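Okay, here's what each chain looks like letter by letter:
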Amino acid sequence: MLTGEAPRIIIDEYGRHPHERADAPIRAEILKDPRWPRLSQIFRIAFQQRIEAPFLDAQELARALDQVDGDQNVPDDDLDAAIRRYQEVTGSAAAREQAGAAGPMETASQELYRELNRIWTDAGLQQGGQHPTFKNGGATNEFYCVVSRRGQADPVVMLSHKIELLDGRLRATWAIGDATPPNLVFEGSFADGEGLREAVLKSARAIAGAVIGDLTEKLTPPANLKPFFQ
């Protein structure tokens, strides 16, 4: 229909299909049509010599033909609306407040984590766990440590430390195991990053000592062996 010629030679000596040959009388306006690449792909599939390579049936060919006239425009989507909503959320006063507090929260957590690790290492202990990380959409920076004797996996003491941003206030707490309520270290304005840092670092000795004391209690043998025989 496009060339006025029957495609009797499916592939020539140069490996070209009928619609790809230089002498194929396909008008220039057809080659410039935005639908031509899709139609050319249909020819490329249809002219394959391997039995399994061309369209398997009329339905498969029909589906390919339906797509030739497919919408040439970018389909409607929710991208613009999603971007606007993201900008609204991240540009809100609460988001700006959180962004301003994120740096001091992270700094305080990181410095406390390093100081605790130094104290425990000097005391002959080891610790694993999770390094300081943001959670709850950035409203919390927390870490936990599993402390034990160096080279020993048992017994252990679990310490958790959390800095939270709640309604413009920063709150730092720590706890050993499931102890409740948690120990309050700092509570103040989200703008008082230096006050947070100082209070958290000052708590390092008390926290480290509480963990060591708990571990020592677990390591202390009972006064007698009676509990083991009951």
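Please read these numbers as outputs of a predicted model, since none were measured by experiment.

Quick notes on the rules
Residues numbered from 1 in each chain as written. Predicted model: local features only at pLDDT ≥ 70, side-chain atom pairs only at ≥ 80, totals over all residues. Heavy atoms only, no water. Phe/Tyr/Trp six-rings, centres within 6.5 Å; stacked < 30°, edge-to-face > 60°. Helix = DSSP H or I, 4+ residues; strand = E, 2+ residues; numbered from the N terminus. Buried < 20%, exposed > 50% of the residue type's maximum accessible area, 1.4 Å probe, protein only. Axes fitted to C-alpha atoms, helices over the stretch in contact; angles between N-to-C directions. Parallel < 35°, antiparallel > 145°, perpendicular 65-115°, else oblique. Left-handed = near helix turned anticlockwise from the far one by under 90°. Contact = heavy atoms within 4.5 Å. Nonpolar A, V, L, I, M, F, W, Y, C, P; charged D, E, K, R; others polar. Core = buried A, V, L, I, M, F, W, Y, C linked by side-chain atoms within 4.5 Å. Pairing = 2+ DSSP bridges. pLDDT = per-residue confidence, 0-100. Polar contact = N/O pair within 3.5 Å; in protein donor to acceptor, adjacent residues only side chain to side chain. Salt bridge = Lys/Arg side-chain N within 4 Å of Asp/Glu carboxyl O.

This next bit is on the packing of aromatic side chains. Per the stated rule, a full pass over the model turns up one aromatic pair. Note on Y113 and F143: the rings are 5.2 Å apart at their centroids and 85° apart in plane angle, and the pair reads as edge-to-face. Note that Y113 is positioned in helix α5 (residues 93–122) and F143 in strand β2 (residues 140–149), a separation of 30 residues in sequence. Judged by relative accessible area, which is 7%, Y113 ranks as buried. By relative accessible area, F143 is classed as buried at 2%.

It is at 9 Å that the axes of helix α2 (residues 36–46) and helix α3 (residues 58–68) come closest, and there the two elements cross at 165°. Compared by their axis directions, α2 and α3 come out roughly antiparallel. The hand of the α2/α3 crossing is left-handed. Counting all contacts with α2, which are made through R38, L39 and I42, the residues of α3 involved are L61, A64, L65, Q67 and V68. Of the residues belonging to the contact of α2 with α3, the class tally is six nonpolar, one polar and one charged.

L116, W120, L159, I163, L170, L196 and V200 are the most contacted members of the largest nonpolar core, which has 30 residues in total. Those elements that place two or more of their residues in this core are α5, β2, β3 (157–166), β4 (169–176), β5 (183–189), α6 (193–202) and α7 (204–219). Ranked by residue count, the leading element in this core is α5, at eight residues. Among all residues touching I163, those that are not within four sequence positions of it are M105, A108, S109, A139, T140, N141, L170, R171, A172, L196 and V200.

In terms of strand pairing, β2 meets β3 through eight bridges, oriented antiparallel. In the sheet register, V147 faces β3, and the bridge partner there is V157. Bridge count between β3 and β4: eight bridges; the pairing is antiparallel. The residue of β4 that forms the bridge with I163 is A172.

Strand order in this open sheet of five strands is β1-β2-β3-β4-β5, and the pairing throughout is antiparallel. A single partner strand is all that each edge strand has here, and the edge strands are β1 (125–135) and β5. Taken pair by pair, the neighbouring strands of this sheet meet at an average axis angle of 10°, ignoring direction. Here β1 pairs with β2 via nine bridges, running antiparallel. In the strand pairing of β2, Q127 is matched with V147. Running over the sheet, α6 touches β3, β4 and β5 and is turned about 170° from β5. Running over the sheet, α7 touches β1, β2, β3 and β4 and is turned about 150° from β3.

In regions of low pLDDT, the predicted coordinates are not meant to be interpreted in detail. Per-residue pLDDT for the protein chain averages 85, and the proportion of residues at 70 or more is 91%. Ranking the elements of the protein chain by mean pLDDT puts helix α1 (residues 28–32) last, at 79, and β2 first, at 96.

Quick look at the side chain of N141 now. Along the chain, N141 falls in strand β2. Judged by its relative accessible area of 0%, N141 falls in the buried class. At a separation of 2.8 Å, a polar atom in the side chain of N141 contacts the side chain of S109. Discounting chain neighbours no more than four positions away, the residues touching N141 are M105, E106, S109, P132, T133, F134, H161, K162 and I163.

On to the pattern of salt bridges, then. Using the criterion set out here, one finds seven salt bridges in the structure. Here R197 makes a salt bridge to E111, at a shortest N to O gap of 3.0 Å. Of the two residues, R197 is situated in helix α6 and E111 in helix α5; the sequence distance between them amounts to 86 residues. For E111, a relative accessible area of 19% corresponds to the buried category. Through salt bridges with shared partners, a single ionic network connects E111, E194 and R197.

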